[in-house]
Amino acid sequence: MKKSISLSAIEKIAKKSGVERISHEGLIKMRDLVEDYTVKISKDAVKMAKHAGRKTVRGEDVIIQ
């Protein structure tokens, strides 16, 4: 499966957080975790929106998760 988030985007986020150096393997693991977490939040937010009778996911649906 093709990943949606680029490794360079993950590296930028990591550097903003204080990481000086990160291995390629570290970037891949971090990307996988970020994508898995985002998928979980998205699925839960969709359930909340549907429960509220909407098709559109709103910020409050994401925050509740």
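Owing to the predicted nature of the structure, the values given are computational and were not obtained by experimental measurement.

Trainee: Tell me what's going on with the overall build of the chain, and back it up with residues and numbers.
Mentor: Regarding its fold elements, the chain presents 3 helices and 0 strands. Along the chain direction, N to C, the helices and strands of the chain fall in the order α-α-α. Expected size for 65 residues packed as a compact globule is a radius of gyration near 11 Å; at 15 Å, the chain overshoots this value by more than 25%. Each principal axis of the C-alpha distribution contributes one length, and for the chain these read about 45 × 25 × 15 Å. Across the chain, every contact between residues at least 6 apart in sequence was considered, and the portion connecting residues at least 24 apart equals 29%. Accessible area for the chain stands at about 5,400 Å²; split by element, carbon and sulfur atoms hold 58% of it. Between the averaged position of the 15 positive side-chain charges in the chain and that of its 9 negative side-chain charges there is a distance of 5 Å.

Trainee: Please provide a residue-by-residue account of a nonpolar patch on the surface, values included.
Mentor: Among the surface-exposed residues, Val46, Val57 and Val62 lie close enough to one another that they form a single nonpolar patch of about 190 Å² accessible area. Within the fold, Val46 resides in helix α2 (residues 24–51).

Trainee: Which residues make up the packing of helix α1 (residues 7–16) against α2, and what values do they have?
Mentor: Two elements in contact, α1 and α2, have axes whose closest approach is 9 Å; the angle formed by their N-to-C orientations is 95°. Considered as vectors, α1 and α2 are oriented roughly perpendicular to each other. Along the contact surface, α1 presents Leu7, Ile10, Glu11 and Ala14, while α2 presents His24, Leu27, Ile28, Met30, Arg31 and Val34. Here the contact of α1 with α2 is composed, by residue class, of 7 nonpolar, 1 polar and 2 charged.

Calculation criteria
- Residues numbered from 1 in each chain as written.
- Predicted model: local features only at pLDDT ≥ 70, side-chain atom pairs only at ≥ 80, totals over all residues.
- Heavy atoms only, no water.
- Helix = DSSP H or I, 4+ residues; strand = E, 2+ residues; numbered from the N terminus.
- Rg over C-alpha atoms; globule rule 2.2 N^0.38 Å.
- Contact = heavy atoms within 4.5 Å.
- Areas by Shrake-Rupley, 256 points an atom, 1.4 Å probe, with all protein chains shown as cover.
- Lys, Arg positive; Asp, Glu negative; His and termini not counted.
- Charge placed at Lys NZ, Arg CZ, Asp CG, Glu CD.
- Patch = residues over 30% accessible without salt bridge, like charges linked within 9 Å, V, L, I, M, F, W, Y side chains within 5 Å.
- Salt bridge = Lys/Arg side-chain N within 4 Å of Asp/Glu carboxyl O.
- Axes fitted to C-alpha atoms, helices over the stretch in contact; angles between N-to-C directions.
- Parallel < 35°, antiparallel > 145°, perpendicular 65-115°, else oblique.
- Nonpolar A, V, L, I, M, F, W, Y, C, P; charged D, E, K, R; others polar.

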